Amino acid sequence: MLHQAQKITAAANFIRDRWNGAPRAGVILGTGLGNLASFIENPTNIPYEEIPHFPRSTAIGHRGQLVCGTLAGLPVVTMEGRFHVYEGYPQWQITLPVRVMKSLGIDLLVVSNASGGLNPRYRSGEVMVLDDHINLMHASPLMGINDDQLGPRFPDMSSPYDRNLVERALEIARQENFVAHRGVYVALSGPNYETRAEYRLLRKIGGDVVGMSTVPEVIVAVHCGLRVLAISTVTNVCQPDTLAATSGEEIVAAAAAAEYKVRTMVLGVLAQETNGQG
């Protein structure tokens with residue numbers, strides 16, 4: 001990680017030259033939540049390709065730009081599109097934007113994603129607030145010589161998702177009368193979807209949903225001292241004995257159909273931060 005400090009500074013300085021806000025939260029918009037960016041007031045859009053050392057987003061449904069402005073009354077930096085291991089990027093580069101947002105001043109990171117449901121009680125179109133995760137990507141963004149200025153060598157991961165934020169998000173879902181689960185996200189590198197045997201294994205080891213993102217960003221967020229809220233849209237139910245073929249286009253469409261639920265929870269949590277309840 002020793003090589004990251006200069007890259008973080010260069011990217012953060014470039015963003016400050018384009019936008020003079022002081023963000024309190026960073027938001028990573030996963031599959032199906034891109035419309036949230038349209039709710040940002042006084043937006044400044046910065047394409048990833050213009051930002052020093054940023055990767056390029058190649059995933060389906062990811063636009064690939066920062067949108068800086070005000071959301072629910074809170075100054076935010078929003079990633080409209082994220083990066084994945086399956087795109088070929090090393091994990092330190094996938095997570096570089098999290099460190100850049102930390103350098104800009106955020107203390108809260110909100111992450112969204114699309115996932116396959118492993119828990120038989122889950123249904124397509126429902127949402128799950130992450131309470132914990134299992135990392136099966138077989139790597140960590142913290143590998144290498146640690147830079148103590150960025151975070152500790154061995155960060156504690158006993159509670160990577162802020163419990164107060166989890167409870168607040170679930171309460172918003174109850175108030176709005178839609179189903180929101182609390183569970184465990186399993187992260188694999190992808191890009192292929194899982195086999196029937198793999199789905200059975202992931203359920204047996206404690207997974208409620210499975211996806212191909214989020215965990216690297218969360219590890220880095222914890223490493224640099226951020227509070228984290230992560231919400232997953234269950235886009236398909238992975239029942240091994242009745243497994244149907246899955247396509248990326250179907251996943252995007254299912255996530256978009258449930259977008260208002262995640263948007264409602266995110267806007268509600270950010271509004272509470274604005275009102276000093278964070």
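Here, every reference points to the structure presented above.
A quick note: this is a predicted structure, and the numbers were derived from the prediction, not measured.

**Student:** Can you break down the pairing of strand β4 (residues 74-80) residue by residue, with the values?
**Tutor:** The buried fraction of β4 is high, at six of seven residues. In this sheet, β4 lies alongside strand β1 (residues 25-29) in parallel orientation, the contact comprising five bridges. Of the residues in β4, the one forming a bridge with V27 is T78. Summarising the sheet, strand β3 (residues 65-71) and β4 pair through seven bridges and their orientation is antiparallel. Bridge pairing links G69 to V76 in β4.

**Student:** Any details on helix α1 (residues 4-18)? Residues and values, ideally.
**Tutor:** In an α-helix, one turn spans 3.6 residues; hence positions three or four apart end up facing the same way. In this model α1 runs 22 Å from its N-terminal to its C-terminal C-alpha over 15 residues, within 8% of the 21 Å that 1.5 Å per residue would give. Those residues of α1 that sit buried are Q4, I8, A11, A12 and I15. What you see down the axis of α1 is that its buried residues fit within an arc of 100 degrees, all on one side. Summarising the geometry of α1, the exposed residues directed more than 90 degrees from the buried face are Q6 and D17. Tucked into the core, α1 has its buried residues touching β2 (41-47), β3, α2 (91-94) and α3 (96-104).

Thresholds applied
Residues numbered from 1 in each chain as written. Predicted model: local features only at pLDDT ≥ 70, side-chain atom pairs only at ≥ 80, totals over all residues. Heavy atoms only, no water. Buried < 20%, exposed > 50% of the residue type's maximum accessible area, 1.4 Å probe, protein only. Helix = DSSP H or I, 4+ residues; strand = E, 2+ residues; numbered from the N terminus. Pairing = 2+ DSSP bridges. Expected span 1.5 Å × (residues − 1). Arc of directions from axis to C-beta. Contact = heavy atoms within 4.5 Å.

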